[in-house]
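One-letter residues, chain by chain:
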Amino acid sequence: MIDKLKQIEIKFHQIEEQLTDPQVLADMDRYADLSKEYKDLKELMDIYEEYSNVLDSKSVAEEMINDSDIELREMGQEELESITEKIESMEEKIKMMLLPKDPEDTKDVIIEIRSGAGGDEASIFAGDLYRMYSKYFENRGWKQNILFINEGSAGGYNKIEFEVKGDAVYSYLKYESGAHRVQRVPQTESQGRVHTSAATVVVMPKLEMKDVDIKKPDLKVDTFRSGGAGGQHVNKTESGVRFTHLPTGIVAESTDGRSQIKNREIAIQRLYQKIYDARKKAHESSQAAKRKSLVGSGDRSDKIRTYNYPQNRVTDHRINLTLYSLDKIIEGDLDEIIESLRLYENTEKMKELDDNW
């Protein structure tokens, strides 16, 4: 673990230097990414510094234990016991901070909720889930924007799709993908019988423009004379610019500007947009395949979580967590469920980390 921390310390100081580089300061996206990475590492480095000091104190206490003076030995023993407990606590915290992070955890998300088995009641339940999540977003200070709505005939939604923006949204919501089952007396039931219905939830990280990384060696640049209206200047100078992205074959050009410099700016922006659109399309195809694996069939038996109204119970079947507070959870109080899922994932990662060490 010490070796790993020393490597991170080197990286931390390298980032610290880069943040004062004029080229980095001129590139807002790169500066923002490095600043975030610096902030994350700074917290770890502060704990590492404290941890190193505690280890030094441990060495001093061990020397005291071997002293010929009885009182010093007793003081050293007491100090060592206290320090050992502190070291164990700090090591657990450091290990948690060293866990590999999902690179998509920081992204905003697109969420899709669909009614599953259960007819009108499934659509009503899909509406209840949307309302539950909306209240959770509000509590966290996140913003949402509805992209698509197909309302159910008796209320709720056959399908609703929306994006959510905020701080590390995907890291909290990624656990919600799957089939959600509800057990209750439906509004449409006249004889008071409990029915079981289902709705599916898909949470997908949102692809952003900054995810498009175009390297200079991958670009072929051509200039040419602009045709059409524009007078002698346009026709006689090679102001037109064409960029070809060699790995994908995507081409973008511009003859809109009266100067080559302006056309280069326009053409490169068009190229970025085209590559972004192509990657977004590929990303959406990938997510569509992922969606099927996340939600299964949408059948009542294929579930990740059950909401049982008669017992005021919510059970997350993946971690065998049962809470008798459905009334609060359906009002957006999802913290205990989500934190339990995050803890479970981190515990599993911790086991892998311990095995590797």
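Residues numbered from 1 in each chain as written. Predicted model: local features only at pLDDT ≥ 70, side-chain atom pairs only at ≥ 80, totals over all residues. Heavy atoms only, no water.

Trainee: Talk me through the pattern of salt bridges; I want residue IDs and the actual numbers.
Mentor: A complete count under the given rule lists 20 salt bridges for this structure. In this structure, Lys36 engages Asp40 in a salt bridge whose closest nitrogen and oxygen atoms are separated by 3.3 Å. Placement of the pair is Lys36 and Asp40 together in helix 3 (residues 28-65), with a separation of four residues, close to one helical turn. Residues Glu112 and Lys159 are paired through a salt bridge, measuring 3.9 Å at the closest nitrogen-oxygen approach. Note that Glu112 is positioned in strand 1 (residues 109-115) and Lys159 in strand 3 (residues 157-165), a separation of 47 residues in sequence. Classification of Glu112 by relative accessible area gives buried; the value is 6%. Salt bridges sharing common partners tie together Glu176, Arg305, Asp316 and Arg318. (Salt bridge = Lys/Arg side-chain N within 4 Å of Asp/Glu carboxyl O. Helix = DSSP H or I, 4+ residues; strand = E, 2+ residues; numbered from the N terminus. Buried < 20%, exposed > 50% of the residue type's maximum accessible area, 1.4 Å probe, protein only.)

Trainee: Describe the side chain of Arg184, and please don't skip the residues or the numbers.
Mentor: With respect to the helices and strands, Arg184 occurs in strand 4 (residues 178-184). Setting aside residues no more than four positions away along its own chain, Arg184 makes contact with Glu121, Ile124, Phe125, Asp128, Arg193, Val194, His195, Tyr309 and Pro310. (Contact = heavy atoms within 4.5 Å.)

Trainee: Would you mind going over the packing of helix 3 against helix 4 (residues 70-98) in detail, with residue names and values included?
Mentor: The packing of two helices is summarised by the inter-axis angle and the distance between the axes. Packing of helix 3 against helix 4 leaves a shortest axis separation of 8 Å and a crossing angle of 155°. With respect to helix 4, the axis of helix 3 lies roughly antiparallel. For the pair helix 3 and helix 4, the sense of crossing is left-handed. Within the contact of helix 3 with helix 4, the residues separate by chemical class into 17 nonpolar, three polar and nine charged. (Axes fitted to C-alpha atoms, helices over the stretch in contact; angles between N-to-C directions. Parallel < 35°, antiparallel > 145°, perpendicular 65-115°, else oblique. Left-handed = near helix turned anticlockwise from the far one by under 90°. Nonpolar A, V, L, I, M, F, W, Y, C, P; charged D, E, K, R; others polar.)

Trainee: Which residues make up helix 4, and what values do they have?
Mentor: Side chains that are three or four residues apart share a direction in an α-helix, a result of its 3.6 residues per turn. Here helix 4 is 29 residues long and its end C-alpha atoms lie 41 Å apart, about the 42 Å a rise of 1.5 Å per residue gives. Taken residue by residue, helix 4 has Gly76, Leu80, Ile83, Ile87, Met90, Ile94, Lys95, Met97 and Leu98 as its buried positions. Among the residues of helix 4, the N-terminal cap falls to Asp69, whose side-chain oxygen and the backbone nitrogen of Glu71 are separated by 2.8 Å. (Expected span 1.5 Å × (residues − 1). Polar contact = N/O pair within 3.5 Å; in protein donor to acceptor, adjacent residues only side chain to side chain.)

Trainee: Tell me about the pairing of strand 10 (residues 313-316), and please be specific about residues and values.
Mentor: Here strand 10 shows no split at all, with Arg313 and Thr315 on one side and Val314 and Asp316 on the other all buried. Examined bridge by bridge, strand 9 (residues 305-308) and strand 10 share four bridges and lie antiparallel to one another. Looking across to strand 10, one finds that Arg305 is bridged to Asp316. The hairpin formed by strand 9 and strand 10 contains four residues between the paired strands, and Asn312 there has a positive phi angle of roughly 55°. Between strand 10 and strand 11 (residues 321-323), which follow one another and run antiparallel, lie four residues, and Asn320 among them has a positive phi close to 55°. (Pairing = 2+ DSSP bridges.)

Trainee: Quick one: what's the story with the sheet that holds strand 5 (residues 195-205), residue by residue and with numbers?
Mentor: Strand order in this open sheet of eight strands is 2-3-1-5-4-9-10-11, and the pairing throughout is mixed. Edge positions in the open sheet fall to strand 2 (143-151) and strand 11, since each of these has one partner strand only. Going across the sheet, the axis of each strand differs from the next one's by a mean of 15°, ignoring polarity. Relative to strand 5, strand 1 runs antiparallel, the two sharing seven bridges. Bridge pairing in strand 5 places Ile111 opposite Val203.

Trainee: Tell me about the environment of Ser177, and please be specific about residues and values.
Mentor: Among the secondary structure elements, Ser177 is positioned in the loop between helix 6 (169-173) and strand 4. In the structure, Ser177 is positioned 64 residues away from Ile113 in sequence and 9.4 Å away in space, judged by C-alpha atoms. A polar side-chain atom of Ser177 sits 2.8 Å from the main-chain amide nitrogen of Val203.

Trainee: So what about the nonpolar core? Which residues, and what values?
Mentor: Counting residues in hydrophobic clusters, the biggest one holds 37 residues, and the most contacted among them are Ile111, Ile113, Leu129, Phe137 and Leu173. With eight residues, the top contributor of residues to this core is helix 5 (residues 120-140). Every residue in contact with Ile113, bar those within four places of it in the chain, is listed here: Ala126, Leu129, Tyr130, Tyr133, Asn158, Lys159, Ile160, Phe162, Thr200 and Val201. Listed in part, the 23 residues of the second largest apolar core include Leu34, Ile47, Ile83 and Ile94. (Core = buried A, V, L, I, M, F, W, Y, C linked by side-chain atoms within 4.5 Å.)

Trainee: Break down the sheet that holds strand 8 (residues 250-254) for me, with residues and values.
Mentor: Whether parallel or antiparallel, the strands of a sheet pair through hydrogen bonds between backbone atoms. Taken in spatial order, the three strands of this open sheet run 6-7-8, and their pairing is antiparallel. The open sheet has two edge strands with one neighbour each: strand 6 (219-224) and strand 8. Each strand axis lies, on average, 15° off the axis of its neighbour in the sheet, ignoring direction. Relative to strand 8, strand 7 (residues 240-245) is paired through five bridges, and the arrangement is antiparallel. Within strand 8, the residue paired with Thr244 across the bridge is Val251.

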